[in-house]
Amino acid sequence: MTGQPLWHKAEKPRTTRGLERLIFFTDAVVAIAITLIALPLVDSAREVTTSTASKFLSENTFAIIAAGVSFVVISAFWREHHTTFERATGYTPLLIRVNMLWLVGIVTIPVATVLIVYTHRDDRVAIGLYIGLLVYTLVITRLIELLLYRADLLSDHPTGTDIALRWLYVGVAVVAMLLGIFFPHVGMWWLLLLLLNAPIQTAIRRGLSPGEPDPAAPAE
């Protein structure tokens, strides 16, 4: 027994074909989950027989907005997952198990969306569950990157600081979840706090590297 953490276990990276199958399977599950978001609206639209399209839209405005938000959320998670695995040069058995946990969060988001739409607007449980799922999926996303980093399976070889700073997103999401639970009347608007992640990271990076030019700044 070496006493090393689980991610330090000697695990032989698997084949490139196996990595591709993992990615294809994940993409298929995400596609199904993102489709499920629209199904309640499809069912409601089928019931429009004697009404009008404008009345349907007015009666389902919140449901349409919620579906749109969830579409953006799942798309953002997929984009992050895609970017991470674009940098991956291999995988381990542990990574497969953690990736399955990531998919649990993705396929549960449509359920949480339905609860948000069909419960009371100030239902703190529905709001907490929805944002809590985002926190859960964010944590698993960061764990996937951490496992690849620990196994030296990232082609860009990020620094420990880069990995650590990305966990700030989880912290901001936790704050949004707690505010949603204690102040549910604001509703899903607490998700706008996630927009603070980028400027916070930028400020911290500048503080860690004083005097260095901003790479985003235009050349003179």
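Note that the structure is a prediction, hence the values are computed from the model and not measured.

1. Some details on the overall build of the chain
Within the chain, the regular secondary structure consists of nine helices and zero strands. Going from N to C terminus, the chain has its helices and strands arranged as α-α-α-α-α-α-α-α-α. Counting only residues that meet the buried cut, the chain has 36% of its 220 residues in that class. Restricting to contacts in the chain with at least 6 residues of sequence separation, those with at least 24 account for 80%.

2. Description of helix α5 (residues 93-118)
Between its first and last C-alpha atoms α5 spans 39 Å; for 26 residues at 1.5 Å apiece the expected length is 38 Å, and the two agree. The largest bend along α5 reaches roughly 30 degrees and is located at I109, with the proline P110 sitting one to four residues downstream.

3. Digging into the nonpolar core
F77, W102, Y130 and I144 are the most contacted members of the largest nonpolar core, which has 48 residues in total. Residue assignment for this core shows that the elements contributing at least two residues are α1 (16-36), α4 (61-86), α5, α6 (124-150) and α8 (168-182). The dominant element in this core, judged by the number of residues it contributes, is α6, at twelve residues. Once residues lying within four places of it in the same chain are set aside, the contact partners of Y130 are V69, S70, V73, I109, A112, T113, I116, M188 and L191.

4. Focus: a nonpolar patch on the surface
Side chains of I32, L36, L39 and V42 sit close together on the surface and give an oily, nonpolar patch of about 320 Å² of accessible area. Within the fold, I32 resides in helix α1. Of the residues examined, I32 reaches a relative accessible area of 54% and is grouped as exposed.

5. A few points about the pattern of salt bridges
Counting across every chain of the model gives six salt bridges. In this structure, the salt-bridge partner of E145 is R87, at a minimum N-O distance of 3.2 Å. One end of the pair, E145, is in helix α6; the other, R87, is in the loop between α4 and α5, and 58 residues separate them in sequence. Between E145 and R166 there is a salt bridge, and its shortest N-O distance comes to 2.5 Å. In this pair, E145 is assigned in helix α6 and R166 in helix α7 (residues 160-166), connecting sequence segments 21 residues apart. Owing to a relative accessible area of 1%, E145 belongs among the buried residues under this scheme. Three or more residues joined by partner-sharing salt bridges are found here, namely E80, R87, R142, E145, D156 and R166.

6. Brief notes about α1
Spanning 21 residues, α1 covers 31 Å between terminal C-alpha atoms, matching the ideal 30 Å at 1.5 Å per step. Of the positions making up α1, those classed as buried are G18, L19, L22, T26, V29, V30 and A33. Down the axis of α1, the buried set is contained in an arc of 110 degrees. They therefore lie on one face. When the buried face of α1 is taken as reference, the exposed residues oriented beyond 90 degrees from it are T16, R17, R21, F24 and I32. Buried residues along α1 sit against α4 and α5.

7. Examining the confidence of the model for the chain
Do not read the fine detail of predicted coordinates wherever pLDDT is low. Of all residues in the chain, 88% have pLDDT values of 70 or greater, and the mean over the chain is 84. Note on residues 1-11: pLDDT is under 50 here. Beyond four places in sequence and across chains, it has nine contacts. Of the regions scoring below 50 in pLDDT, residues 212-220 engages in one contact with residues more than four places distant in sequence or in other chains.

8. Describing the environment of R166
A relative accessible area of 22% means that R166 is categorised as partly exposed. Separated by 21 residues in the primary sequence, R166 and E145 place their C-alpha atoms 9.7 Å from one another. If near-sequence neighbours (up to four positions away) are discounted, R166 is found in contact with R87, R142, E145, P158 and Q201. Reaching out from R166, the side chain makes a polar contact with the side chain of E145 at a distance of 2.5 Å.

Rules and cut-offs
- Residues numbered from 1 in each chain as written.
- Predicted model: local features only at pLDDT ≥ 70, side-chain atom pairs only at ≥ 80, totals over all residues.
- Heavy atoms only, no water.
- Helix = DSSP H or I, 4+ residues; strand = E, 2+ residues; numbered from the N terminus.
- Buried < 20%, exposed > 50% of the residue type's maximum accessible area, 1.4 Å probe, protein only.
- Contact = heavy atoms within 4.5 Å.
- Expected span 1.5 Å × (residues − 1).
- Bend = angle between axes of the 7 residues up to and from the residue.
- Core = buried A, V, L, I, M, F, W, Y, C linked by side-chain atoms within 4.5 Å.
- Patch = residues over 30% accessible without salt bridge, like charges linked within 9 Å, V, L, I, M, F, W, Y side chains within 5 Å.
- Areas by Shrake-Rupley, 256 points an atom, 1.4 Å probe, with all protein chains shown as cover.
- Salt bridge = Lys/Arg side-chain N within 4 Å of Asp/Glu carboxyl O.
- Arc of directions from axis to C-beta.
- pLDDT = per-residue confidence, 0-100.
- Polar contact = N/O pair within 3.5 Å; in protein donor to acceptor, adjacent residues only side chain to side chain.

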